[in-house]
Amino acid sequence: MKEYSTLGLQMKALMLPIRGIKPESKLFLIRVVYRYGSTFFDGSTRRLGRDFVMTDLVINRALRELTIAGVLRKIKHHSGGKGRPRNRYQLTTEFIAQPLPQSANGFHSYYKI
């Protein structure tokens, strides 16, 4: 997958109207974009909670809401060892390909996102 401008993805996360997403989930999405961009990230609730200073409940809700909304895709990752597979997440190509809303055009052209 092509790497995209982190600032552009953050603007999408902030400005795109996503129904059924709580403000905490939007904040989580902005933090994910800032930290990981369009690359895969480990869905360990404990680690994400520690890194983003959010509770397990907020992290789990955000992952669920954003996956249902089609913003994140969930991939089971088998490490080859014992134990159950870990979940990894990545921004969907549909979310990345969405244009910014018209209200962001001035910001978009000014910062050349």
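Quick look at the structure, then. The structure presented is a predicted model; accordingly, all values stated were derived computationally and were not measured.

1. Some remarks on the overall build of the protein
Here is step 1 of the chain: For the protein, the helix and strand inventory stands at 6 helices and 3 strands.
Here is step 2 of the chain: Counting helices and strands in the order they occur from the N terminus, the protein gives α-α-β-α-α-β-β-α-α.
Here is step 3 of the chain: Restricting the contact set of the protein to residue pairs at least 6 apart, pairs at least 24 apart contribute 60%.
Here is step 4 of the chain: Only carbon and sulfur atoms are counted for the fraction: they give 54% of the accessible area of the protein, which is about 7200 Å².

2. Structural notes on the pattern of salt bridges
Here is step 1 of the chain: As enumerated under the stated definition, the model contains 5 salt bridges in all.
Here is step 2 of the chain: Two residues, Arg 86 and Asp 42, come together in a salt bridge whose shortest N-O distance is 3.4 Å. With Arg 86 in strand β3 (residues 86-91) and Asp 42 in strand β1 (residues 41-42), this pair connects stretches of sequence that are 44 residues apart.
Here is step 3 of the chain: Of the residues examined, Arg 86 reaches a relative accessible area of 44% and is grouped as partly exposed.
Here is step 4 of the chain: Overall, Asp 42 belongs to the partly exposed group, its relative accessible area being 22%.
Here is step 5 of the chain: Across the salt bridge formed by Asp 51 and Arg 50, the nearest N and O atoms sit 3.9 Å from each other.
Here is step 6 of the chain: Judged by its relative accessible area of 56%, Arg 50 falls in the exposed class.

3. Overview of the sheet that holds strand β2 (residues 72-77)
Here is step 1 of the chain: The 3 strands lie next to each other as β1-β3-β2, forming an open sheet whose pairing is antiparallel. For this open sheet the edge positions go to β1 and β2, each flanked by a neighbour on one side alone.
Here is step 2 of the chain: Here 2 bridges tie β1 to β3, and the two strands are oriented antiparallel to one another. Looking across to β3, one finds that Phe 41 is bridged to Tyr 89.

Cut-offs applied
- Residues numbered from 1 in each chain as written.
- Predicted model: local features only at pLDDT ≥ 70, side-chain atom pairs only at ≥ 80, totals over all residues.
- Heavy atoms only, no water.
- Helix = DSSP H or I, 4+ residues; strand = E, 2+ residues; numbered from the N terminus.
- Contact = heavy atoms within 4.5 Å.
- Areas by Shrake-Rupley, 256 points an atom, 1.4 Å probe, with all protein chains shown as cover.
- Salt bridge = Lys/Arg side-chain N within 4 Å of Asp/Glu carboxyl O.
- Buried < 20%, exposed > 50% of the residue type's maximum accessible area, 1.4 Å probe, protein only.
- Pairing = 2+ DSSP bridges.

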